[in-house]
Amino acid sequence: MASLTEVVAYMMPRTFESPMPSEWANIYTWCGLQFAKTFKNSGQIGAMMEIAPKTLSDYEQTLLKRLRVWIYDKRRAALKQKMKADTSISKPSSTESPRQEGLFGNSETT
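If you're wondering where the values come from, they're calculated on a predicted model, not measured in any experiment.

### Observations regarding the overall build of the protein
When helices and strands are counted, the protein shows 5 helices and 0 strands. Starting at the N terminus, the α and β elements of the protein follow one another as α-α-α-α-α. With 110 residues in all, the protein has 22% of them scored as buried. Long-range pairs, those at least 24 residues apart, make up 62% of the contacts in the protein with a sequence separation of at least 6. As presented, the protein carries roughly 8,500 Å² of accessible surface, and 57% of it is formed by carbon and sulfur atoms.

In structure tokens:
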């Protein structure tokens, strides 16, 4: 699953678009509070304690878990796609030496 920090980073741009349903607002503020507690940012903790729920309802916990799994799956898929693209670009041609000379240029060896 994705971390709570990743959830906050993913949800932040969405908060600028339009108001969110209350359960998503609760999830976002609760995750933000957990982030503030983890990194011991006292300025944020005071403000977050006033607006964040103490706990999430079962329904909100289910929504959060689904979001965390979804973010993780999307991140893994993007990484696999990037690795495939990098692999196809970096495959040596049949004329290149598989030794280090092929990696660092055509240096003369004695």
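Moving on from the model shown.
### Brief notes about the packing of aromatic side chains
Counting across every chain of the model gives 1 aromatic pair. Between Y10 and W70, the aromatic rings sit 5.4 Å apart at their centres with planes inclined by 65°, giving edge-to-face as the arrangement. Taken as a pair, Y10 in helix 1 (residues 4-17) and W70 in helix 4 (residues 58-90) lie far apart in primary sequence, 60 residues in all. Residue classification places Y10 among the partly exposed residues on the basis of a relative accessible area of 42%. Of the residues examined, W70 reaches a relative accessible area of 39% and is grouped as partly exposed.

### So, the side chain of E60
Position of E60 relative to the elements: it lies in helix 4. One buried charged residue, E60, forms no salt bridge at all, with the nearest opposite charge on K54 at 13 Å. At 2.8 Å, the side chain of E60 forms a polar contact with the side chain of N26. When near neighbours in sequence (up to four residues on either side) are disregarded, E60 contacts S22, E23, N26 and I27.

### Points about the environment of I27
Positionally, I27 belongs in helix 2 (residues 22-38). Sequence spacing of I27 and L4 is 23 residues, and the spatial spacing of their C-alpha atoms is 9.9 Å. Not counting the four nearest positions on each side in its chain, I27 is found in contact with M11, L56, E60, L63 and L64.

### Observations regarding the pattern of salt bridges
Inspection of the entire model under this criterion finds 1 salt bridge. Measuring nitrogen to oxygen at the nearest pair gives 3.0 Å for the salt bridge that ties R75 to E6. Linking R75 in helix 4 with E6 in helix 1, this pair joins segments that are 69 residues apart in sequence. A relative accessible area of 38% means that R75 is categorised as partly exposed.

### Some points on helix 2
Taking 1.5 Å of rise per residue, the 17 residues of helix 2 would be expected to cover 24 Å, and the 24 Å separating its terminal C-alpha atoms lies within 8% of that figure. Along helix 2, the residues classified as buried are I27, Y28, T29, W30, C31, G32, L33, Q34 and A36. Positive backbone phi, at 50°, marks K40, one or two positions downstream of helix 2.

What counts, and at which threshold
- Residues numbered from 1 in each chain as written.
- Predicted model: local features only at pLDDT ≥ 70, side-chain atom pairs only at ≥ 80, totals over all residues.
- Heavy atoms only, no water.
- Helix = DSSP H or I, 4+ residues; strand = E, 2+ residues; numbered from the N terminus.
- Buried < 20%, exposed > 50% of the residue type's maximum accessible area, 1.4 Å probe, protein only.
- Contact = heavy atoms within 4.5 Å.
- Areas by Shrake-Rupley, 256 points an atom, 1.4 Å probe, with all protein chains shown as cover.
- Phe/Tyr/Trp six-rings, centres within 6.5 Å; stacked < 30°, edge-to-face > 60°.
- Lys, Arg positive; Asp, Glu negative; His and termini not counted.
- Salt bridge = Lys/Arg side-chain N within 4 Å of Asp/Glu carboxyl O.
- Polar contact = N/O pair within 3.5 Å; in protein donor to acceptor, adjacent residues only side chain to side chain.
- Expected span 1.5 Å × (residues − 1).

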